[in-house]
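Single-letter residue listing:
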Amino acid sequence: MEKSKKLSVKFLNCKSDSPLVLPAGIMDVSYGSMLFAVQNGAGFVTMKSCTLEPRSGHAGPVVCEIEGAMINAMGLCNPGIEKGLEEIEKFKKESDVPVISSVFGANRDEFVKLSNYVNDSSADYIELNLSCPNVSSEFGTPLSASKEMVADIVGAVKKNSRLPVLAKLSPNTHDVTGIARAAENAGADGLVMINTLGPGMVIDINARRPVISAKFGGISGPAVKPVAVKLVYQVTEAVGIPVIGMGGVTTGSDAIEMIMAGASLVGVGTAVYYRGIEVFNRINSEIVEYLDKVGLDSVTGIKRID
Ligand code: RRO
């Protein structure tokens, strides 16, 4: 589908024809699924967060739908950074849409090693996943809970990376602005927020056990949107670097709300489950309808509210 020129955006070093981003983890472990999102209107794609070695993730069930939300504990399943980057190479042979390579390390040294791999790839940005809520039993509290850890890891990767560095932050903190500032001061080029909320728990009362095999899982979908909007709003007041806003965005109105909160790009993840892969084209059209209604000729004309 030909996109309206009104949706054209520039984010750091790359331009695209839509502000919509496929975030890490929803349907992006293969180049084919990233391509599918682009064919259906996504302007940027993120590969599932990769670790140094492959991981099979948690045993099923790993996802569950509840009223207004989804809960997931995939357990960081990924093919490992080398295979992951091969998927990005295959994608880049077919599409010039910007790609974010998301990586997950247990510590600073692993993040630096991962960034060496990403340096040698055709990815356009590196995302540091500092905020997976589902692997605390193995790795402890997510790294983005600590300003010092965030500064240390972002600073080390920034020194080593030839690509813009994006830090993915958690909503599960009382000091998201302090953490965002720590990332910015350490050299982050942008932020991605929010990772999933919680984790939470759902109990099957007939089986008398948790629905998710790992017991707890991160929460996404429409119910988390007010949390995401509030945190993006607070963080964009506190920092000067751009933010990719995500969390429950399902419609064009939601995307516009996220931009009015201060987001430069908007992630659309769980909404693929609710509205199908066409969700990207649908949201693109809904944004254009809004622009026409209010008399704006570009999505970049939607300003952050005070
Ligand atoms: O794989 C997961 O369980 C997962 C990850 Br890495 C993440 O960053 N956020 C999430 O909700 N799930």
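Shown above is the structure to which this text applies.
Since we're looking at a predicted model, the values are computed, not measured.

## Notes on the packing of aromatic side chains
Geometrically, a pair of aromatic rings is defined through the distance of the ring centres and the angle of the planes. In this structure the tally under the stated criterion is five aromatic pairs. Ring centres 5.4 Å apart and planes at 80° place the aromatic pair Tyr273 and Tyr274 in the edge-to-face group. The partly exposed category is assigned to Tyr273, whose relative accessible area is 48%. On the basis of relative accessible area, Tyr274 is assigned to the partly exposed category, the value being 30%. One aromatic cluster in this structure is built from Phe11, Phe44 and Tyr125.

## Re the pairing of strand S7 (residues 99-103)
Within S7, five of the five residues are buried, which leaves it mostly tucked inside the rest of the structure. Alternating residues of S7 divide into Val99, Ser101 and Val103 and Ile100 and Ser102, and every residue in both groups is buried. Pairing between strand S4 (residues 44-50) and S7: four bridges, direction parallel. Across the sheet, residue Cys50 finds its bridge partner in S7, namely Val103. Across four bridges, S7 lies against strand S8 (residues 125-129) in parallel orientation. Along S8, the bridge assignment pairs Ser102 with Glu127.

## Remarks on helix H8 (residues 252-260)
Every buried residue of H8 is listed here: Gly252, Asp254, Ala255, Ile256, Met258 and Ile259. The inward-facing, buried residues of H8 abut helix H7 (225-238), strand S15 (243-245), strand S16 (265-267) and helix H10 (279-294). Trailing H8 by a residue or two, Gly262 shows a phi angle of about 125°, which is positive.

## Looking at the site of the ligand
The full set of residues close to the ligand is Lys48, Asn72, Ala73, Met74, Gly75, Leu76, Asn129, Cys132, Pro133, Asn134, Asn195 and Thr196. Take Gly75: an N or O atom from its main chain is 2.9 Å from an oxygen atom of the ligand. When the free accessible area of the ligand is taken as 310 Å², the share hidden by the protein chains comes to 93%. Its residues placed into classes, the shell around the ligand shows five nonpolar, six polar and one charged.

## Digging into the sheet that holds strand S5 (residues 63-66)
The strand order across the open sheet built from four strands is S5-S6-S14-S11, with neighbouring strands paired in antiparallel fashion. Here the strands that pair on one side only, and so sit at the sheet edges, are S5 and strand S11 (197-201). Strand after strand, the sheet turns through a mean of 35° between neighbouring axes, direction not considered. Sheet analysis places S5 next to strand S6 (residues 69-72), joined by four bridges and oriented antiparallel. When the sheet's bridge partners are listed, Glu65 is paired in S6 with Met70.

## Some points on the environment of Glu2
Within the fold, Glu2 resides in the segment before strand S1 (9-11). Residue class for Glu2 comes out exposed when judged on its relative accessible area of 71%. When the C-alpha atoms of Glu2 and Asp17 are compared, they prove to be 9.6 Å apart, with 15 residues separating the residues in sequence.

Conventions used here
Residues numbered from 1 in each chain as written. Predicted model: local features only at pLDDT ≥ 70, side-chain atom pairs only at ≥ 80, totals over all residues. Heavy atoms only, no water. Phe/Tyr/Trp six-rings, centres within 6.5 Å; stacked < 30°, edge-to-face > 60°. Buried < 20%, exposed > 50% of the residue type's maximum accessible area, 1.4 Å probe, protein only. Helix = DSSP H or I, 4+ residues; strand = E, 2+ residues; numbered from the N terminus. Pairing = 2+ DSSP bridges. Contact = heavy atoms within 4.5 Å. Near = heavy atom within 4 Å. Polar contact = N/O pair within 3.5 Å; in protein donor to acceptor, adjacent residues only side chain to side chain. Areas by Shrake-Rupley, 256 points an atom, 1.4 Å probe, with all protein chains shown as cover. Nonpolar A, V, L, I, M, F, W, Y, C, P; charged D, E, K, R; others polar. Axes fitted to C-alpha atoms, helices over the stretch in contact; angles between N-to-C directions.

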